[in-house]
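If you want the building blocks of each chain, they are given just below.
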Amino acid sequence: MMDRVKLEGMEFFASHGCEAEERKYRQRIIVDVAMYYDVAEAARHDDIKRAVDYAAVFDTVRGVCEGHSFALIETIAESVASVVLEKYAPIKKVRVTVHKPDAPLSGKFADVNVAISRERA
């Protein structure tokens, strides 16, 4: 069984969307990332060097969300998962949820989101 470290509600503003009009303006994107790995060694030694630095993960996610323009929130999620698994070796599995609460829909809704899980090969 793996332990979980979670970053929830990371808010970024970026130009994502299927329509050119939608990409003209920066929109709010909210991202949750759950990272699964063994935290015992870091906890036992109380040592950040033995843990995944979640401040660095935050910056990595920001880079993906604000540094690119994607049509689909599914692509944002896939890109975040891929980069996190590639960059942080201790992480065995990641679950990424991307929320687009201000999606251009013609009606009342609370949120549009996609959640994916990916594991290290």
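Residues numbered from 1 in each chain as written. Predicted model: local features only at pLDDT ≥ 70, side-chain atom pairs only at ≥ 80, totals over all residues. Heavy atoms only, no water.

Chemist: What's the story with unusual backbone geometry in this structure? I'm lost.
Modeler: Across residues other than glycine, the phi torsion is negative in most instances, and most of the peptide bonds are trans. In this model, D46 sits at a positive phi of 50°, which is unusual for a non-glycine residue. Counting through the fold element by element, D46 comes out in the loop between α2 (40–45) and α3 (54–67). By relative accessible area, D46 is classed as exposed at 71%. (Helix = DSSP H or I, 4+ residues; strand = E, 2+ residues; numbered from the N terminus. Buried < 20%, exposed > 50% of the residue type's maximum accessible area, 1.4 Å probe, protein only.)

Chemist: I tried to follow the environment of R118 on my own but got confused; where do I start?
Modeler: Mapped onto the elements of the fold, R118 is located in strand β4 (residues 113–119). For the pair R118 and R95, spaced 23 residues apart in the sequence, the C-alpha separation amounts to 6.5 Å. Contacts of R118, omitting those with residues within four sequence positions, involve E78, A81, L85, K92, K93 and V94. There is a polar contact of 2.7 Å between the side chain of R118 and the side chain of E78. (Contact = heavy atoms within 4.5 Å. Polar contact = N/O pair within 3.5 Å; in protein donor to acceptor, adjacent residues only side chain to side chain.)

Chemist: Hey, could you run me through helix α4 (residues 73–87) in this one?
Modeler: With 15 residues, α4 should reach 21 Å at 1.5 Å per residue; the first-to-last C-alpha distance of 21 Å fits that figure. Buried within α4 are the following residues: I73, I76, A77, S79, V80, A81, V84 and L85. Residues of α4 that are buried sit in contact with β2 (27–37), α3, β3 (93–99) and β4. (Expected span 1.5 Å × (residues − 1).)

Chemist: Any chance you could explain the packing of α3 against α4 here in plain terms?
Modeler: Relative placement of two packed helices is described by the angle separating their axes and the distance separating the axes. Their axes nearest at 10 Å, the elements α3 and α4 cross at an angle of 140°. Classified by the angle their axes make, α3 and α4 are oblique. For the pair α3 and α4, the sense of crossing is right-handed. Where α3 approaches α4, its residues V57, T60, V61, V64 and C65 are matched on the opposing element by I76, S79, V80, V83, V84 and K87. Per-class residue counts for the contact of α3 with α4 are 8 nonpolar, 2 polar and 1 charged. (Axes fitted to C-alpha atoms, helices over the stretch in contact; angles between N-to-C directions. Parallel < 35°, antiparallel > 145°, perpendicular 65-115°, else oblique. Left-handed = near helix turned anticlockwise from the far one by under 90°. Nonpolar A, V, L, I, M, F, W, Y, C, P; charged D, E, K, R; others polar.)

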